[in-house]
Amino acid sequence: MRITEQAKRQTRSSILEKAAELFLAKGFEETTTRDIAKATGLAAGTLFNYFRSKETLAMSMVAEALSRGRKDHRRRRTGDEELAEDLFLFIASGLRQLKPMRSILGPVLERSLSPFPRRSVCPEGEAARQAHLTAVRGILREHGFAAAPEHVAMTLYWSLYLGVLACWTNDASPRQEETRALIDYSLHWFVQVISGTGTDAGGKHVR
Amino acid sequence: MSADAEKIRRARAVRELRRILPKETPAPFDREPLAELLTRVSGKRMPATSFARAWILGSLQAKLAAGYFAFWLRGKFADADIKARLKSEAQLAAALELFGTMGYLRGAVMKIGQLLANLPAVVPEEVAEVLAALHFEAPSMHYSIVRELFLDEFGCEPEEMFASFDRQAFSAASLGQVHLARLPSGENVAVKIQYPDIARTIRADLRNLRILLQPMRLSGDWQPMLDTLADVERMLLMETDYDQEARSCREARSLFTPDDGIVVPKVYDAYSGKRVLTTEYLPGRHLREYLATNPGQEERDRFTRLLVLATMRPFYRTHRLFADPHPGNFLFMDDGRLGILDFGCVRTLSDEEWRLLLELDQAVRTEDEPCVDRCIARACLFDDPAEMEPDRLATLRRSMEWNFEPWRTEGPFDFGDEGFYRRGIDVLAAVARKRYTRAAPLHLWLSRFIFGSRAMAYRLKGRCDFRQLYRQEFPDPASP
């Protein structure tokens, strides 16, 4: 029997939902693909038709949350933000979507987004990174920042962003205020560096 | 390292330290360094962006604070072995460099800078004025941070909560900033919002400060100074607790009736939280703007009376000290009322502290000099006046007499009298120059309170019947 696209989407979303429940209840490390398959009512082999591994599955959740964050950012921005403020809104919108998963994210991000050479690159992690950086490039362009060598700016940004994520997943301060201050300062610094002028103003939106 | 190299290194460190020190014996009205400072501050174009402003203002504050610390500390080693002193100074020079760059600059460094620079003994009025201006010109959070904070605190954006919300803060302080908004019911409100993570910054900066002061640890004043720093930390952290501030504000509001002419804004609980405090918006002018309208003497006298009453009533009725009486916290309203804005820094006296003050009050009124001396000794952490050097006791007695002068004067007291104000500066400068600063933590706040409010009244050039107000607010000094 041929499975419809709609049925596939429903199964995929059901797997993600059950996996999220299990990750939160037992922790990422302690949850097995077998547990997830069982909770979803699938055979383990069938689960692998949808997600190659537990990491891929978790990273898909992250990627979807970040995608929702990008939509939120576009919805929330007013067009009056300066560059550092716009980037702050962008990162904060993403983190807000990731927040329900914060307690299990450390090992997931470490495995899927690590900047160090790995034997196998997580395609979902790479896709999430590319989508995130594409959005950042778009924001920079809208503020008229095109001069800085892009690969340098993007490497710098990604390093800061990973640092922010690492801090956030470990942040014990109330409502992760420490991370919020870190994002603010990091972004001012980033904008100063890429503008090379010692000012963090950036341009208003050029659109 | 050879002895010569060591000597050169040490000389360089000491030279560096001396460079940043204020003059050894500053005349209280010495205008030269002050003029330089003012020119530097006013001549410098303010960068438009918040980060650069934070950096520059923060550095200025840090330099001032570092300078005063060094000035104060050097005196601690005046009689010590010269080698020990040089060693300590060299350590201090390195530590001060660290101090100038540490922290987020928005938090405790700035606040401590203000606090120390406000210590009147070493700061002439104009510097206090510059620092008061910095209160308003402190860096602001951009609106995206404010929005995130609202989402965390209330689960919605400011615009969803209020009928209107100004994205630009209209006033800023070192620990927070204030936005104008309108409630759905139509009232205009002031929404004070706290910088993220400020409490942790304060704790971290004060920890660094204690490390910085390590060269002092062998001196006899080490423990009292640690106690004072602990008190400073407690007070700063209290300023980050908006629930507490809301309580203080409500309590103060209940102390005044409409006939008093003093307004404490109403707190809107449904729009307030740990990091957000929403109060009634009071229209009015701050002192500098008010003075620019060139008010008449009668009006100045009226506001001086209100200023005294505003601080005296909470003190005598609830034993609370409004420990931050700087101009930014008062509003001169067009209808003649005085608005009080900020209740973040309110020090409650312990029963023991209150008893000591009562005893001193009684001793001063009955001119019981031995009892006055005993009270001074206890306030300065001595068991008995006999333990104090005669000059220390005499100097502190002069300081105390200046403090009590308005209490002892029948009829209108002229706070605008330059002679009175100068005497206050002179005696406090003497206390600092002679290093007679050992005291229980309360006295740091008392000194801030007394000098802060008198500096305001002096600039206002107002008079009021202080003694009559005192009798009205504290009719029976013998009662607890």
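Residues numbered from 1 in each chain as written. Chains lettered and ligands numbered in written order. Predicted model: local features only at pLDDT ≥ 70, side-chain atom pairs only at ≥ 80, totals over all residues. Heavy atoms only, no water.

**Observations concerning the overall build of chain B**
Part 1 of the argument: What chain B contains, in helices and strands, is 19 helices and twelve strands.
Part 2 of the argument: Among the 480 residues that make up chain B, the fraction classed as buried is 58%. (Helix = DSSP H or I, 4+ residues; strand = E, 2+ residues; numbered from the N terminus. Buried < 20%, exposed > 50% of the residue type's maximum accessible area, 1.4 Å probe, protein only.)

**Here we look at the interface of chain A and chain B**
Part 1 of the argument: Across the contact, 24 residues belong to chain A and 21 residues belong to chain B.
Part 2 of the argument: For the pair chain A and chain B, the summed buried area comes to about 2300 Å², and 48% of that belongs to carbon and sulfur atoms.
Part 3 of the argument: Summed over the three residues of chain A that lose the most area to chain B, namely Arg76, Glu177 and Tyr185 of chain A, the buried surface amounts to 26% of that side.
Part 4 of the argument: At the boundary of chain A and chain B, one finds twelve residue pairs in polar contact (both at pLDDT 80 or more).
Part 5 of the argument: Mapped onto the side of chain A that touches chain B, the elements with two or more residues apiece are helix 5 (83-98) and helix 9 (177-195) of chain A.
Part 6 of the argument: Here the element with the most residues in the side of chain A that touches chain B is helix 9 of chain A; it accounts for eight residues.
Part 7 of the argument: Along the lines of polarity and charge, the residues of the side of chain A that touches chain B split into eight nonpolar, five polar and eleven charged. (Contact = heavy atoms within 4.5 Å. Buried area = accessible area lost by both parts, 1.4 Å probe. Polar contact = N/O pair within 3.5 Å; in protein donor to acceptor, adjacent residues only side chain to side chain. Nonpolar A, V, L, I, M, F, W, Y, C, P; charged D, E, K, R; others polar.)

**A short note on the confidence of the model for chain B**
Residue and element names in this part refer to chain B.
Part 1 of the argument: Scored by pLDDT, chain B has a mean of 74; 64% of the residues are at 70 or more.
Part 2 of the argument: Across chain B, the secondary-structure element scoring lowest on mean pLDDT is helix 2 (residues 32-43), at 33, and the one scoring highest is strand 1 (residues 164-165), at 97.
Part 3 of the argument: In the predicted structure, residues 16-69 sits below a pLDDT of 50 and forms 93 contacts with residues beyond four places in sequence or in another chain.
Part 4 of the argument: Low pLDDT, under 50, characterises residues 88-139; the stretch is placed with 140 contacts to residues that sit more than four places away or in other chains.
Part 5 of the argument: The ipTM assigned to the predicted complex is 0.79, against a pTM of 0.73. (pLDDT = per-residue confidence, 0-100.)

**Points about the nonpolar core**
Side chains of a nonpolar character, in soluble globular proteins, are inclined to be buried together.
Part 1 of the argument: Formed by 158 residues in total, the largest nonpolar core has its most connected members in Leu57 and Leu98 of chain A together with Phe162 of chain B.
Part 2 of the argument: With twelve residues, the top contributor of residues to this core is helix 18 (residues 442-460) of chain B.
Part 3 of the argument: In contact with Leu57 of chain A, other than residues within four places in its own chain, are Ile15, Leu16, Ala19, Phe23, Ile36, Leu47 and Phe51 of chain A. (Core = buried A, V, L, I, M, F, W, Y, C linked by side-chain atoms within 4.5 Å.)

**So, the packing of aromatic side chains**
Part 1 of the argument: Taken as a whole and assessed by the stated rule, the structure comprises 33 aromatic pairs over all chains.
Part 2 of the argument: Between the aromatic rings of Trp407 of chain B and Phe466 of chain B, the centroid separation amounts to 4.9 Å while the plane-to-plane angle is 70 degrees, which identifies the pairing as edge-to-face. With Trp407 of chain B in the loop between helix 16 (390-404) and strand 11 (413-414) and Phe466 of chain B in helix 19 (residues 466-473), this residue pair connects regions lying 59 residues apart in the sequence. Like Phe466 of chain B, Trp407 of chain B is buried.
Part 3 of the argument: Over the face of the ring belonging to Trp168 of chain A we find Arg102 of chain A, whose NZ or CZ atom lies 6.0 Å from the ring centre.
Part 4 of the argument: Directly above the ring of Trp402 of chain B sits Arg454 of chain B, whose terminal nitrogen or CZ lies 4.8 Å from the centroid. (Phe/Tyr/Trp six-rings, centres within 6.5 Å; stacked < 30°, edge-to-face > 60°. Lys NZ or Arg CZ within 6 Å of the ring centre and 35° of its normal.)

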